[in-house]
Amino acid sequence: MTNNTPADVRQFTVADDDDGIRLDRWFKRHLPDVSFNLVSRWARTGQLRINGKRATPGDRIEAGQVLRVPPAEPARAETPTARPRRERPQLSEDQLAYAQSFVIHKDRSALVINKPPGLATQGGTKTSEHVDGLLDALIFEAEGRPKLVHRLDKDTSGALLLARSSRAAASFAKSFSSRTARKVYWAIVVGVPDIDDGMIELPLAKQPGTGGEKMHVDEKEGLPARTRYRVIERAGNRAAWVELQPFTGRTHQLRVHMAAIGHPIVGDGKYGGKEAFLTGGISRKMHLHARRIRIDHPDGGQVDVTAELPRHFAESIETLGFDPLLAEALTIDEVKFSETPEGKRRKAAAIAKDKRKERKGERRGRGRD
């Protein structure tokens, strides 16, 4: 999320990790002090805009779009007729223990949890239990509840990063938007890709008629999407264990990309249909796991955490005869800032600035002749 704050209005550029979410969810994630009623009022009066066009709270936003947000309003004194603020439900002892059991890393600025499969990151229609609703259990010694800075699909397990302060959230958001963060996923896919180490570059867009709930490859209207995959091991021609690294953050990117090259992720009936399920005792659950996250730490150094596999995935690894040591031997490529979109933008701006200086010097030189 990039903030280019003018004097009267605020402008934010939608980051990759916010691609596809509703506008009201964006406010809840990045400007939690702005109430839904205020967002609705801004929309009704035309003050809330996406790329210059009027927006509503239910609009789904896309990475790269510019949000125009009115200036923050001063807090108004409570009056006897003011509606009481809705309080979040108190968590039970079981819920507290359940949420805290996920934690695999904790420091002053960051938490990393190992999200189980089947638990949504945020709430929605017919979704009552989610990570967002359990964040009060993860306050520990901090002043406030941690903040979500990226998402995992409901059926995807693994490492999910949480920021423990607004400062940390802004730092992590910058790393995601500049693409210096690295996320490594493990998956079991149907069949075996012809190339062991490849890059999938297929643009993605929301599939018409699905209400934004399903994505598809769209060469004309889709947003750029890049995924690197590496085959760790194969089980004959039946299945392969692969490592996936997303270089962009589109909705369902890994799932759509693997299905598009003919190797859907095992258990992903949404994109692979009936072909996404294996027989022989292999679980029908999704076999996609966020194994590792590495990101710059706000206080220096890096957060670099790995998450253990859920039971069904580990059992499938054993059933298919895969060797866990082969996956551990793979390394993550270092990311050079100069090769990220932000790094390239700054380099281009510096070159343009130098050229302007040269032209200005030439004009001054001619004036002295």
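Chains are numbered independently. Their residues run from 1 in the order of the written sequence. Two thresholds apply to this predicted model, a pLDDT of at least 70 for residue-level local features and 80 or more for giving and counting side-chain atom pairs, whereas whole-chain, interface and lining totals are computed over all residues. For the side-chain quantities, the full set of heavy atoms in the structure was used; hydrogens and water were omitted.

This paragraph deals with the overall build of the protein. When its secondary structure is counted, the protein shows nine helices and 17 strands. When burial is assessed residue by residue, the protein has 46% of its 369 residues classed as buried. The contact criterion used is simple: two residues touch if any of their non-hydrogen atoms lie within 4.5 Å. Across the protein, the fraction of contacts at a sequence separation of at least 24, relative to all contacts at a separation of at least 6, is 65%. A 1.4 Å probe and the Shrake-Rupley method give the accessible areas. Residues count as covered only by the protein chains that appear here. When the accessible surface of the protein is split by element, carbon and sulfur atoms take 48% of a total near 20200 Å². By definition, any uninterrupted DSSP run of H or I lasting at least four residues is a helix, any uninterrupted run of E lasting at least two residues is a strand, and each is numbered from the N terminus. Relative accessibility thresholds used throughout: buried, under 20% of the residue-type maximum; exposed, over 50%; partly exposed, between the two (1.4 Å probe, protein chains only).

Aromatic rings from Phe, Tyr and Trp, with only the six-membered ring used for Trp, were paired whenever their centres fell within 6.5 Å, and each pair was classed as stacked if the ring planes differed by under 30 degrees, edge-to-face if by over 60, and tilted otherwise. Within the structure shown, the criterion is met by six aromatic pairs. Aromatic pair Tyr-98 and Phe-102: ring centres 4.7 Å apart, planes at 75°, arrangement edge-to-face. For Tyr-98, a relative accessible area of 32% puts it in the partly exposed group. Judged by its relative accessible area of 7%, Phe-102 is buried. Between Trp-186 and Trp-241, the aromatic rings sit 5.2 Å apart at their centres with planes inclined by 90°, giving edge-to-face as the arrangement. Within this pair, whereas Trp-186 is found in strand S10 (residues 182–190), its partner Trp-241 is found in strand S15 (residues 239–246), the two being separated by 55 residues in sequence. Take Trp-186: its relative accessible area is 5%, and that puts it in the buried class. Ring-pair connections join several aromatic residues into one group, and the members of that group are Phe-12, Trp-26, Phe-27 and Trp-42. By the criterion adopted, a ring carries a charge over it if an Arg CZ or a Lys NZ lies within 6 Å of its centre and within 35 degrees of its normal. Positioned over the ring face of Phe-140 is Lys-106, at 5.1 Å from the centre of the ring.

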